[in-house]
Protein chains: 2
Amino acid sequence: MRIVVLGGGFGGMYTARALRRRLGAEVEVELVNAENYFVFQPLLPEVGAGSITPAHAVSPLRFILKDVTVRKAVVDSVDFARKAVIVFQGIQRRPTEVPYDHLVIALGQGTDFSRMPGLEEHALKMKTLEDARRLHIHVIEQLEHAQVTNLPDTKRGALTFTVIGAGFSGVETVGEMKELIDRSLPFYPKISPEEVRVKLVEFAPRILGEMPQELADYAAKHLQKHGIELMLETGVKSCTHRQLVTNKDEVIDTRTIVATIGNAPLPVVLRMGLPLQHGRLKVERNLRVEGREDVWALGDCALIPMKEGASERNDFAPPTAQFAVREADRVARNIEAVLGGRAPEPFAYRSRGALASLGARRGVADLMGFKLKGFPAWVVWRAYYLALLPGLGTKVRVMLNWTLDMLGARSLVQLRSYRKPPMRYVYFRAGDRIYNEGDRSDGFYTVISGALEMDRTDPATGETVTRRLGPGDHFGERLILGATRRRTTVRAVEDSKVLVMNRQEFLMLAEGFEAFRDYFRPYMEKHGVELPGAGSDKEG
Amino acid sequence: MRIVVLGGGFGGMYTARALRRRLGAEVEVELVNAENYFVFQPLLPEVGAGSITPAHAVSPLRFILKDVTVRKAVVDSVDFARKAVIVFQGIQRRPTEVPYDHLVIALGQGTDFSRMPGLEEHALKMKTLEDARRLHIHVIEQLEHAQVTNLPDTKRGALTFTVIGAGFSGVETVGEMKELIDRSLPFYPKISPEEVRVKLVEFAPRILGEMPQELADYAAKHLQKHGIELMLETGVKSCTHRQLVTNKDEVIDTRTIVATIGNAPLPVVLRMGLPLQHGRLKVERNLRVEGREDVWALGDCALIPMKEGASERNDFAPPTAQFAVREADRVARNIEAVLGGRAPEPFAYRSRGALASLGARRGVADLMGFKLKGFPAWVVWRAYYLALLPGLGTKVRVMLNWTLDMLGARSLVQLRSYRKPPMRYVYFRAGDRIYNEGDRSDGFYTVISGALEMDRTDPATGETVTRRLGPGDHFGERLILGATRRRTTVRAVEDSKVLVMNRQEFLMLAEGFEAFRDYFRPYMEKHGVELPGAGSDKEG
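Cut-offs used in this document
- Residues numbered from 1 in each chain as written.
- Chains lettered and ligands numbered in written order.
- Predicted model: local features only at pLDDT ≥ 70, side-chain atom pairs only at ≥ 80, totals over all residues.
- Helix = DSSP H or I, 4+ residues; strand = E, 2+ residues; numbered from the N terminus.
- Rg over C-alpha atoms; globule rule 2.2 N^0.38 Å.
- Buried ≥ 20, exposed ≤ 12 C-beta atoms within 10 Å, placed from the backbone.
- Contact = placed C-beta atoms within 7 Å.
- Pairing = 2+ DSSP bridges.
- Axes fitted to C-alpha atoms, helices over the stretch in contact; angles between N-to-C directions.
- Nonpolar A, V, L, I, M, F, W, Y, C, P; charged D, E, K, R; others polar.
- Least-squares fit on C-alpha atoms with pLDDT ≥ 70 in both.
- Right-handed = clockwise from strand over helix to strand, strands pointing away.
- Domains from an automatic or database assignment.
- pLDDT = per-residue confidence, 0-100.
- Expected span 1.5 Å × (residues − 1).
- Bend = angle between axes of the 7 residues up to and from the residue.
- Left-handed = near helix turned anticlockwise from the far one by under 90°.

Peer 1: What should I look at first to understand the overall build of chain A in this one?
Peer 2: The helix and strand tally for chain A stands at 14 helices and 32 strands. Computed over its C-alpha atoms, the radius of gyration of chain A comes to 27 Å, within 12% of the 24 Å expected for a compact globule of 540 residues. Dimensions along the principal axes, computed over C-alpha positions, put chain A at roughly 90 × 60 × 45 Å. By residue count, 48% of the 540 residues in chain A fall in the buried class. Sequence separation of at least 24 residues holds for 67% of the intrachain contacts in chain A that already meet a minimum separation of 6.

Peer 1: How should I be thinking about the sheet that holds strand S13 (residues 236-239) of chain B in this particular structure?
Peer 2: Backbone-to-backbone hydrogen bonds pair the strands of a sheet. The strands run either parallel or antiparallel. Residues and elements named next belong to chain B. Taken in spatial order, the three strands line up as S13-S14-S15 in an open sheet, and their pairing is antiparallel. This sheet does not close on itself; its edge strands, each paired only once, are S13 and strand S15 (251-253). For this sheet, the mean angle separating the axes of adjacent strands, direction not counted, is 25°. Examined bridge by bridge, strand S14 (residues 243-246) and S15 share three bridges and lie antiparallel to one another. Each bridged residue has a counterpart across the sheet, and for Gln 243 the counterpart in S15 is Asp 253.

Peer 1: Teacher, can you tell me more about the interface of chain A and chain B here?
Peer 2: Many authors give the size of an interface as the accessible area that is lost as the parts come together. Opposite the 72 residues of chain A that make contact, chain B presents 71 residues. The element contributing the most residues to the side of chain A that touches chain B is helix H5 (residues 129-148) of chain A, with seven residues. Across the side of chain A that touches chain B, the residue classes break down as 33 nonpolar, 21 polar and 18 charged.

Peer 1: For this particular structure, what's the right way to read the relation of the copies chain A and chain B?
Peer 2: In this structure, two copies of a chain are linked by a rotation about an axis accompanied by a shift along it. In screw terms, the move from chain A to chain B is a rotation of 180° and a rise of 0.1 Å along the axis, fitting with an RMSD of 0.1 Å. Interpreted geometrically, this transformation is the action of a two-fold axis. A share of 99% of interface residues in chain A that are also interface residues in chain B marks the association as one of identical surfaces.

Peer 1: Any chance you could explain the sheet that holds strand S2 (residues 28-33) of chain B here in plain terms?
Peer 2: Ordered in space as S7-S6-S5-S2-S1-S8-S20 (chain B), the seven strands form an open sheet in which the pairing is mixed. In this open sheet, the two strands that pair with only one neighbour each are strand S7 (96-99) and strand S20 (295-297) of chain B. Across the sheet, the axes of successive neighbouring strands diverge by a mean angle of 40°, strand direction being ignored. Of the pairings in the sheet, the one linking strand S1 (residues 2-6) of chain B to strand S8 (residues 102-105) of chain B comprises four bridges and is parallel in character. The residue bridging Val 4 of chain B from the neighbouring strand is Leu 103 of chain B, located in S8 of chain B. Contacts between H5 of chain A and the sheet are confined to strand S5 (69-79) and strand S6 (84-89) of chain B, with S5 of chain B contributing the most and set at about 65° to the helix.

Peer 1: Can you help me understand the pairing of strand S12 (residues 228-231) of chain B in this one?
Peer 2: Sheet faces and side chains relate simply in a regular strand, where the side chains alternate between the two faces. Residues and elements named next belong to chain B. The sheet contact formed by strand S11 (residues 197-201) and S12 spans four bridges and is parallel. Among the inter-strand pairings, Val 201 is bridged to a residue of S12, identified as Met 231. Note on the crossover from S11 through helix H8 (residues 213-225) to S12: the handedness is right-handed.

Peer 1: I'm lost on the domain arrangement of chain A in this one. Help?
Peer 2: Once the domains are mapped, chain A shows domain 1 (2-109 + 265-339), domain 2 (119-262 + 353-388) and domain 3 (424-526). Relative to domain 3 of chain A, the C-alpha centre of domain 1 of chain A lies at a distance of 47 Å.

Peer 1: Can you walk me through the confidence of the model for chain A in this structure?
Peer 2: One rule of thumb: low pLDDT means the predicted coordinates there are not for detailed reading. Residue and element names in this part refer to chain A. Mean pLDDT over chain A works out to 89, with 94% of the residues at or above the 70 mark. Note on residues 534-540: pLDDT under 50 across the span, and 15 contacts to partners over four residues away in sequence or across chains. Scoring of the predicted complex yields 0.82 for pTM and 0.76 for ipTM.

Peer 1: What's the story with helix H14 (residues 514-526) of chain A in this structure? I'm lost.
Peer 2: An α-helical segment advances 3.6 residues per turn. Residues three or four places apart therefore align on the same side. The end-to-end C-alpha separation of H14 of chain A is 18 Å, in line with the 18 Å expected for 13 residues at 1.5 Å each. Along its length, H14 of chain A shows its largest kink, about 45°, at Phe 520 of chain A, and proline Pro 522 of chain A lies within four residues downstream of that point. Those residues of H14 of chain A not exposed but buried are Phe 516, Arg 517 and Phe 520 of chain A. The elements touched by buried residues of H14 of chain A are helix H13 (503-512) of chain A together with helix H14 (514-526) of chain B. Positive backbone phi, at 75°, marks Gly 528 of chain A, one or two positions downstream of H14 of chain A.

Peer 1: Please clarify how H13 of chain A should be interpreted in this entry.
Peer 2: Counted residue by residue, H13 of chain A has seven buried out of 10 residues, so it is predominantly covered. Of all the residues in H13 of chain A, the buried ones are Glu 505, Phe 506, Met 508, Leu 509, Ala 510, Glu 511 and Gly 512 of chain A. If you follow the buried residues of H13 of chain A, they end up packed against strand S27 (444-449), strand S32 (496-501) and H14 of chain A together with strand S25 (424-428), strand S27 (444-449) and strand S32 (496-501) of chain B.

Peer 1: I keep staring at the packing of helix H1 (residues 10-22) of chain A against helix H10 (residues 321-339) of chain A and nothing clicks. Help me out?
Peer 2: In a pair of packed helices, the angle between the axes and the distance between the axes together describe the arrangement. Residue and element names in this part refer to chain A. Orientation of H1 relative to H10, taken along the N-to-C sense of each, is 35°, at an axis distance of 8 Å. Crossing handedness for the pair H1 and H10: right-handed. Along the contact surface, H1 presents Phe 10, Gly 11, Tyr 14, Thr 15, Ala 18, Leu 19 and Arg 22, while H10 presents Ala 321, Ala 324, Val 325, Glu 327, Ala 328, Asp 329, Val 331, Ala 332, Ile 335 and Glu 336. The class makeup of the residues in the contact of H1 with H10 is 11 nonpolar, two polar and four charged.

Peer 1: Got a minute to help me understand unusual backbone geometry in this structure?
Peer 2: Leaving glycine out, the prevailing phi sign among residues is negative, and the prevailing peptide bond configuration is trans. Residue and element names in this part refer to chain B. One non-glycine residue with positive phi stands out, namely Lys 83, at about 55°. Looking at where Lys 83 falls in the secondary structure, it is placed in the loop between S5 and S6. Taking the C-beta count within 10 Å as the criterion, Lys 83 has 18 such neighbours and is therefore assigned partly exposed.

Peer 1: Hey, could you run me through the environment of Gln 277 of chain A in this one?
Peer 2: All names here are of chain A. Position of Gln 277 among the secondary structure elements: in strand S18 (residues 276-277). Using a count of 14 C-beta atoms within 10 Å as the deciding quantity, one classes Gln 277 as partly exposed. Setting aside residues up to four positions removed in sequence, Gln 277 forms contacts with Lys 282 and Leu 303.

Peer 1: It is not clear to me how the pairing of S27 of chain B should be interpreted in this structure. Could you clarify?
Peer 2: Residues and elements named next belong to chain B. Counting buried residues along S27, five of its six residues qualify, which places the element largely inside the surrounding structure. For S27 and S32, the ladder comprises five bridges, and the chain directions are antiparallel. Residue pairing across strands places Tyr 445 opposite Val 500, the latter belonging to S32. Pairing between S27 and strand S30 (residues 474-475): two bridges, direction antiparallel. Across the sheet, the residue bridging to Tyr 445 is Phe 475, located in S30.

This is the structure in structure tokens:
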């Protein structure tokens, strides 16, 4: 008898634990997860703010799941007929089949920004540990940059930080981020506090929609008092790497956009072909996937009715860690029941309340209707999550980190920044500069859509010649010739999408593809550059 | 009066500190570094082994350099005539000029693997914090993979770890790495200790060339006792991502190659056009760059004669932290002297000894001729470097980390692995499989050089057809059609170099380049795939 759990978050990890505790040694429990660690999701904003290091917000699954088989692998698909999960393990390209008798799906949710052009390419997320780590690096990078730049526009963009979505994740992220900035500024003497702008953008008319109004009001006041601007009833239309455009067509110069919105089913869940509702797996009240005897789902990827005929949003279990932990217990009990020939029972749980930290040692807490604000709420927040952390080692490490953090300045260390893939699409708004004469040459561009203008000043006459560029046109070719500086200035005259690649990529393509090489050869030859060629070079 | 220091390692950081202490407020001291932190280089092997977290092996330069202007920027070039350093700051593409009156070059060294094909692409380094972090992730990834794979060849490659170069860095890295593996194995029940092979490859006939023979012998015995195989008098010829080929044409199946060899001048130092000797800047005994009044150099990038008429290797200062710190003091004194109209003095220092940790709480130490081995040497090693760590906060954090590490298992957390750029060259040796039928489709390939064979089995007849592929040929196109599994098997029949890209890159190229699109259109159309096209599509 084999039970396979997909996903190692709160839902999956606690399910595997409970199953192991409840079932005898004749039942094998296996957990499949893309990472080999459990992420303590509520700590991600603190990782983003550098108050704890990434390694301390996670715990190796092998440590916390004794006698559970942990398989680090990416789930590709499920063959329900043959009762097998198809996974890819590590660097291996050969698929591996993992057979099951009962399957538990706890894969969580993904994001979909497709309705907001540019967001996928330019916004940071707060879903994974890597996201949080990247946010910390990114914020410090902006401070470093603002410290040295002489360009006022660049400085304003670098010092404007925007968080989209004012749920728990957005509010905690914006609060922690502001605290990181405030505590770092003494080390950046050329940045004055008034130059820093931090914005929280929310489509609804209030923040913390899941919290009682009174606490949300307190939280809003606290954030505003600490210099965070709330932009309520505001949606996001699009963004570039320099600007955010709202649904009211307001344009914000900002180089930091953190998107905590846009939840959507993961591609692997969609591929399973199971019934979905509101983008989540349709399950019965007992957490069994509709129409399946041996497949269960819980956590953020499942839509769990809390009563018969559920239809309103409040009739379903909210996607929180608190609920996922309870759902895990119910799934484990129900599988035990089914294995013992008994009927599974419906999931029932009443929220014990909600907690949010606001940064600067303040929080809000709603505990069984008992409301806490400010410092006490923050203490409860920390204590609650510390208690929930799996493993004594992790608890101790996080506590030590917190203590050190209170004693001194937060870490300003900007670890290696996340490298964007060199070949990628970049979006520009009408009026944006792509580059100026004299700038570093760091990309070769191809216009996909829109229109741009290139100004070239003749050094002898001082005359400027302007050339229009449209779809299919290229610019920045001199990079390939080894040029390190731009000789022209390029501006977008319409909203434009361009493909950018670096010199190495261009040369690899020229070496690999005859058609590509032939296309660029006349230009390169005119400039005396020989493109590398594979053996298949054309004659003549 | 402005003094600009390039580089924030031991040489640069300590120079800036000493200058600040010696000179009055009318002299501005500025330090330019690509990262905003000082890396404590001797701790990198411990970061690689996961016994301390990356953030604790570094210290923000802004913390440790009070009243020094810290500029996070990449040095592009130096205009010696105009006395200005040209830098690029952060994401900014516009060059910035940093004027100086005296310039101190302490940029360290880079690597050059060009004589060993495949090493640049497939070997890990141990130069930067990111390198060390990546090594830890990589080692855990191999254990995770060995735990789940059913393929004996894959398991053997995953469990073979190779370090090239048996200087301080190589010896400490191999010792720490072995300890990480030994302490992690209890959590990987499917790996037996005998399956793990750790090799140290060294061209010289002995390890730790800079240490007295007696200590090197002890170190060699210690490493061997702990299961590390020493391959002396062995050079490296080439490697792929699966194998290392020695200069004796021995082939080692290994997926982990750490190269601590191949020191070479950094491109930026070469671009300066200053006199070089043995790949390092030629300086006078007073650390002034030959032929320059206002340019100084120290640390690994400089070749510093310790006596008149220096010619033998031992006549020059060795590239160690110990020497760099003393050189920094001399540069600062000499600049002070020159500013005061006095003559600079030659650098003079006698090594106080050498230290190396060997893993498993053992070390070797040569202190002013007094030799220590084993546990006492290891304690001295830790104490010495703890004392050298700048800042109390960092000292405390590293000590706490060490303590926690002694109490429990090392962190098995495999943070997000380093993503290779999707478009890249990959090398295969004759006989290597590129992929097998049924494998995951994850790349589109173009042959640059060599020869491969593709086997395709007709599902109806069971007959296998073999096609030969040479330079300019493509394979794996079905990926573009959305195929997720391979239908063929491809093997290298000669040593081959191929260009690989992923589906997204292919589609971006098709959208951006007409010539590319036209070339692949017939194939795609035959399979009913419409390639995306920019507005410049050809008619008809």
